[in-house]
Amino acid sequence: MGAVTTTFVDNVRERPWRAFDWQLLLYVGLIVGFGVVMGYSASFNEAGQAAGGISQSVKTLLWVGIGFTIFFVAASIDYHWLTTFTLPIYIGVLLLLVLNLLIGRSLNGATLSISVAGLDFQVSEVSKVLMIVVLASWLSGRREKIGRLSTIVGAAVLMGIPTFLVFRQPDLGTALVFVAILVAMLFMSGASIGWMALLAGGVVAVAPIAVNALASYQRARLFCFLNPYADPQGACYQLVQALNAVGSGGWFGQGLTAGRQNQLGYLPVQTTDFIFTVIAEELGFLGGLLVLGLFALLLWRILVIGWGARDALGSMVAWGLASMLLFQLLVNVGMVIGIMPVTGIPLPFITYGGSSMISLLFGMGILESVRIHARKQTF
Amino acid sequence: MADLNEGRIDLPRSRARLIAFAVTAAVLFAALGGRLFQMQVLNGSLYADRAVAARTIEVPIKAPRGLIFDRTGRPVAVNVPSWTVDAVPADLPAVPAARDAVLARVASSTSSKAAALKQRLEAFRGSPYDQVPLLRGITRDQALLLSEQAGALPGIVVQVDPVRQYLDEAGKVDGSLLAHVLGYTGPVSQDQVNALAARGYLPDDSIGKDGVEASYEAVLRGTYGAQQVERDASGRPIKVISTTTQAVPGRNLMLTIDARLQRLATDALTWGMRAAGVKQGVTIVMNPQTGEILAMVSLPSYDDNQFATGISTAAFNAYLRNPNHPLRNHAIADIYPPGSTFKLVTGTAALMEGVTTPTQLWPTYGCYQIPGAPTGQCLFDWNHAGFGPLNIEQAFFRSSDTFFYQMAIHLGIDRLAKWAYNYGFGKQTGIKLPGEASGIIASTEWAQSQGRANVFTGELAQAGIGQNVIAVTPLQLANAYAALANDAGPPLRGARGGHQRARIQYPRRAAPRCAVRQDRNRGVRDQAIGRQPAVPLLVRGLPAVAAGRDRRQPRGADLLVFRDGPRQRLHRGGEVLPAEILQGAARLSARSAHPEPPGRELTDGRRYYDIC
């Protein structure tokens with residue numbers, strides 16, 4: 001037994017980059033590159049007006065540079081250090097979220113970021129990846145107790161506190177992402193499906209109460225999702241404009257920087273939450289398919305890495321990141337094509353935002369570390 | 001090979017759950033892709049059409065308004081650029097102090113008040129991307145001054161709009177010469193907008209408000225075009241997609257008015273009014289062969305350029321308060337007792353109805369006893385002495401009132417009224433100017449409308465000399481005499497009695513220029529006097545009407561002058577109309593001394609319209 005372990009460790013020590021997963025880097029790189037191009041196109045009409053400041057695309061490239069640096073740093077360190085820092089990370093996340101509620105900068109009525117040295121730091125974006133790490137670390141330590149109810153309750157409490165803090169910002173989107181991550185990671189960890197189903201049933205039962213608790217603008221968005229053309233000039237204006245833009249794309253789209261809906265300013269927050277609208281309008285169905293395809297490849301790659309991970313910690317990090325990406329993709333793309341309610345959830349790697357980019361690339365870096373330290377045999 | 005799970009030190013891994021996760025992911029990807037295919041490929045055109053419709057609006061293209069020329073081709077109403085200053089609230093500085101500084105700079109450059117500008121800006125309710133009008137009609141120099149400071153004036157837009165400008169005979173800006181003929185254009189009122197919207201009028205449109213600007217509105221306006229314009233999300237027009245309809249410019253208008261003659265007539269009337277000590281006056285110069293009106297002066301006048309550029313409330317109220325009603329065209333809108341000039345009607349009626357023969361002698365009186373009235377109720381002849389027995393030609397020459405009292409009484413009111421109608425009195429002449437009055441011609445029917453069985457005998461007698469129950473517009477009077485003069489009779493000799501030599505020559509075959517009016521006059525004349533021997537008789541007698549009555553009247557070459565009636569009270573429509581006619585004067589010049597007008601068709605092939 002000891003021999004086997006030694007062999008494995010030696011293998012890594014001798015050729016640490018031998019197992020480096022180039023496919024993961026390739027898919028991430030393609031999606032990030034695509035995002036830079038689309039971000040440029042989406043902000044094209046604003047470029048002339050942003051006199052004096054650094055243009056958005058330059059900022060994006062700066063974040064991408066920092067992000068990939070962190071990616072390689074995280075990849076080169078054994079991910080087991082994460083277990084050592086689980087508690088400090090968790091406390092740090094909670095402190096940051098509380099701090100964000102107290103002194104955060106307000107945007108459209110929601111406190112979403114802390115401004116540090118002129119740069120907006122979106123705590124909720126960073127906390128998603130960090131909470132995956134925390135949850136993965138905690139679940140991997142449960143071992144034989146994994147099938148008990150206490151696993152589910154414990155994970156729910158662990159995740160529930162930051163979820164509540166994020167919800168209070170209010171950032172419904174990120175709160176939903178937390179819940180999705182929690183459910184997916186519990187499921188993949190081997191938690192009791194019976195208990196989970198029971199609890200899920202309870203949640204569904206109180207759903208009407210939750211809808212009532214939503215802010216009026218959130219309810220209006222929900223209503224628009226059900227019938228966007230009922231109020232195309234009022235509450236559903238943005239969604240209708242987005243739907244029209246997506247539909248206008250056709251097979252091949254109207255060309256980069258040539259989407260009329262985008263360039264004439266009809267799309268809401270077109271560089272962030274509605275970036276997929278720009279992709280669909282300017283690059284058409286094929287462009288949209290390209291994005292979905294790249295994400296499908298990336299997800300498959302993450303699942304491969306998770307399955308081949310040396311231990312539960314590595315697997316759980318992979319499951320967490322995979323479920324986060326899948327959920328965000330589903331909700332973000334779903335909302336601009338009218339099959340999901342409008343919630344502020346970014347499209348990973350493509351939506352403009354430094355905090356999101358850095359934390360995602362940090363997560364991908366951990367995955368590379370998982371891959372590098374994986375078992376010899378993969379499935 | 002060793003156990004696959006060798007080295008695993010913690011949780012078991014479930015292949016089933018991984019497959020479940022992967023399948024879920026695959027289903028979700030398929031759903032996204034399928035929905036995308038449905039929206040973009042299957043229903044793409046539906047969404048594309050919605051998108052185009054939502055960001056495209058139809059914007060009207062204004063048509064340039066037709067110009068107005070006088071009969072010799074002098075422009076009298078033209079379009080000139082007017083510099084306007086607008087503010088776009090969204091582009092103004094957000095800081096109140098900086099915003100006030102911009103307004104202050106605008107104010108100082110245009111010698112206006114910053115407070116007034118601020119008030120206009122703050123009173124505006126609408127999109128912050130709309131243009132808020134701050135100033136209208138600033139000078140070119142002020143506009144240039146503002147444009148030079150454009151860098152320091154964010155949110156301030158200086159632009160050019162066409163505005164109407166009225167010129168005099170010399171091409172100088174002078175709105176008073178032809179104000180009553182031309183009228184003016186002004187903004188469409190809120191009340192009108194709804195009714196006019198169907199005809200393509202815009203809320204900020206302008207429309208002819210008076211004069212030929214109003215009566216020929218449809219011709220002058222042209223047809224507005226339309227274009228499809230793509231807007232950005234804030235409503236700003238970005239790009240013209242297509243022109244749906246081209247704008248058709250308004251057609252030009254050519255008046256029968258001769259602006260130079262209008263000036264001469266204005267000067268003459270101004271002098272005459274001063275000499276006579278009156279405040280209101282009318283001169284109409286008409287070609288009696290064609291009915292064309294060569295000059296139409298109503299004094300006092302007003303400046304229609306004030307209206308075209310937007311008149312101030314103070315200036316407008318000053319016009320309204322002026323007791324001489326400068327805004328009214330006295331030539332057509334006001335009625336006056338015609339006095340002795342009406343003897344044309346009475347004389348014609350008496351001859352045509354057989355009340356008298358051309359040679360029959362009638363007694364005249366110092367004061368004519370009204371038949372059926374108590375003794376002593378009599379009506380004076382103008383000299384309070386009478387002229388002895390007169391035939392009708394002598395009666396015209398003397399302008400004997402008592403002679404025509406008798407004619408009227410023997411005619412009766414309705415036969416007198418019939419001949420008045422035949423001459424065109426008591427109804428609108430149909431001149432294409434707004435606001436024409438019909439006048440009053442007493443008749444049985446008229447008396448009954450006043451609640452009486454008939455007119456009193458005294459009123460009937462006075463009607464014979466155009467007093468008391470007779471009121472006409474100066475244009476009607478001019479028309480009636482044109483109808484008389486219109487017949488190509490023998491050349492007149494000058495009037496007798498050592499007075500002026502009224503050398504009046506009729507062009508025997510004047511080319512008809514204005515068919516409508518000519519037909520009307522010919523018709524009136526044919527109805528009125530036909531080809532009876534009465535015509536030369538009347539024509540010979542008439543100059544004396546002008547010559548005989550008023551010694552103070554300057555003797556000119558005019559065929560007729562009538563001045564009449566201080567403070568007449570006229571009855572109309574069953575109520576006392578407090579129309580205090582202070583002083584009225586109308587002249588009819590039947591001279592053909594004016595030069596022949598040039599041809600109607602200009603070489604550019606555009607059509608021109610006559611006012612007649």
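Our structure is the block above this text.
Each value, and the rule that gives it
Residues numbered from 1 in each chain as written. Chains lettered and ligands numbered in written order. Predicted model: local features only at pLDDT ≥ 70, side-chain atom pairs only at ≥ 80, totals over all residues. Heavy atoms only, no water. Salt bridge = Lys/Arg side-chain N within 4 Å of Asp/Glu carboxyl O. Helix = DSSP H or I, 4+ residues; strand = E, 2+ residues; numbered from the N terminus. Buried < 20%, exposed > 50% of the residue type's maximum accessible area, 1.4 Å probe, protein only. Axes fitted to C-alpha atoms, helices over the stretch in contact; angles between N-to-C directions. Parallel < 35°, antiparallel > 145°, perpendicular 65-115°, else oblique. Left-handed = near helix turned anticlockwise from the far one by under 90°. Contact = heavy atoms within 4.5 Å. Phe/Tyr/Trp six-rings, centres within 6.5 Å; stacked < 30°, edge-to-face > 60°. Lys NZ or Arg CZ within 6 Å of the ring centre and 35° of its normal. Expected span 1.5 Å × (residues − 1). Bend = angle between axes of the 7 residues up to and from the residue. Nonpolar A, V, L, I, M, F, W, Y, C, P; charged D, E, K, R; others polar.

Engineer: Could you give me a rundown of the pattern of salt bridges, with the residues and numbers involved?
Structural biologist: One pass over the full model with this rule turns up 19 salt bridges over all chains. Residue A:Lys128 pairs with A:Glu125 through a salt bridge whose shortest N-O separation is 3.1 Å. With A:Lys128 and A:Glu125 both in helix H7 (residues 123-140), this residue pair falls 3 residues apart, about one helical turn. In this structure A:Lys128 comes out as buried when scored by relative accessible area, which is 2%. The exposure class assigned to A:Glu125 is buried, which follows from its relative accessible area of 7%. Between B:Arg65 and B:Glu217 there is a salt bridge; the shortest N-O distance is 2.9 Å. Within this pair, whereas B:Arg65 is found in the loop between strand E1 (56-61) and strand E2 (68-69), its partner B:Glu217 is found in helix H9 (residues 217-221), the two being separated by 152 residues in sequence. B:Glu217 carries the same exposure label as B:Arg65, and that label is buried.

Engineer: If you had to explain the packing of H7(A) against helix H17 (residues 354-372) of chain A to someone new, which residues and values would you point to?
Structural biologist: All names here are of chain A. Contact pair H7 / H17: the axes reach a minimum separation of 7 Å and the direction vectors enclose 20°. One finds that H7 runs roughly parallel with respect to H17. Crossing geometry of H7 relative to H17 is assigned as left-handed. Residues Glu125, Val126, Val129, Leu130 and Val133 of H7 touch H17, and the partners they reach there are Ser355, Ser356, Ser359, Leu360, Phe362, Gly363 and Ile366.

Engineer: Tell me what's going on with the packing of aromatic side chains, and back it up with residues and numbers.
Structural biologist: Evaluation of the coordinates by the stated rule reveals 20 aromatic pairs over all chains. Relative to A:Phe71, the ring of A:Phe68 has its centre 6.0 Å away and its plane inclined at 70°; by these criteria the two rings are edge-to-face. Here A:Phe68 and its partner A:Phe71 are both found in helix H4 (residues 56-76), 3 residues apart, which amounts to about one turn of the helix. Here A:Phe68 matches A:Phe71 in class, with each residue buried. Between B:Trp382 and B:Phe387, the aromatic rings sit 5.8 Å apart at their centres with planes inclined by 45°, giving tilted as the arrangement. Residue class for B:Phe387 comes out partly exposed when judged on its relative accessible area of 23%. Taken together through their ring pairs, the aromatic side chains of A:Phe20, A:Trp22, A:Phe68, A:Phe71 and A:Phe72 make up a single cluster. The positively charged end of B:Arg50 is found above the aromatic ring belonging to B:Tyr47, 5.5 Å away from the centroid. Lying over the aromatic face of B:Tyr224, B:Arg221 brings its terminal NZ or CZ to 3.9 Å of the ring centre.

Engineer: Before we move on, can you summarise the environment of B:Ile440 with the specific residues and values?
Structural biologist: All names here are of chain B. Among the structural elements, Ile440 can be located in strand E15 (residues 440-441). Looking at Ile440, the relative accessible area reads 4%, which means it is buried. With 30 residues separating them in the primary sequence, Ile440 and Ile470 have C-alpha atoms 5.4 Å apart.

Engineer: Any details on helix H8 (residues 149-167) of chain A? Residues and values, ideally.
Structural biologist: All names here are of chain A. When the terminal C-alpha atoms of H8 are compared, their 25 Å separation across 19 residues agrees well with the 27 Å that a helix rising 1.5 Å per residue should span. The largest bend in H8 amounts to roughly 30° and is located at Gly160, with the proline Pro162 lying one to four residues further along. Taken as a whole, H8 has its buried residues at Thr151, Ile152, Ala155, Leu158, Met159, Pro162, Thr163, Leu165 and Val166. Turning to H8, the residues buried within the fold contact helix H6 (86-103), H7, helix H9 (172-189) and helix H10 (193-205).

Engineer: Describe in detail the packing of helix H14 (residues 343-352) of chain B against helix H16 (residues 401-411) of chain B, supporting the description with residues and values.
Structural biologist: All names here are of chain B. Orientation of H14 relative to H16, taken along the N-to-C sense of each, is 55°, at an axis distance of 10 Å. In terms of their interaxial angle, H14 and H16 are classed as oblique. Where H14 crosses over H16, the two elements pack in a sense that is left-handed. The segment H14 lies against H16, with Lys343, Thr346, Gly347, Ala349 and Ala350 engaging Asp401, Phe404, Met407, Ala408 and Leu411. Its residues assigned to classes, the contact of H14 with H16 shows 6 nonpolar, 2 polar and 2 charged.

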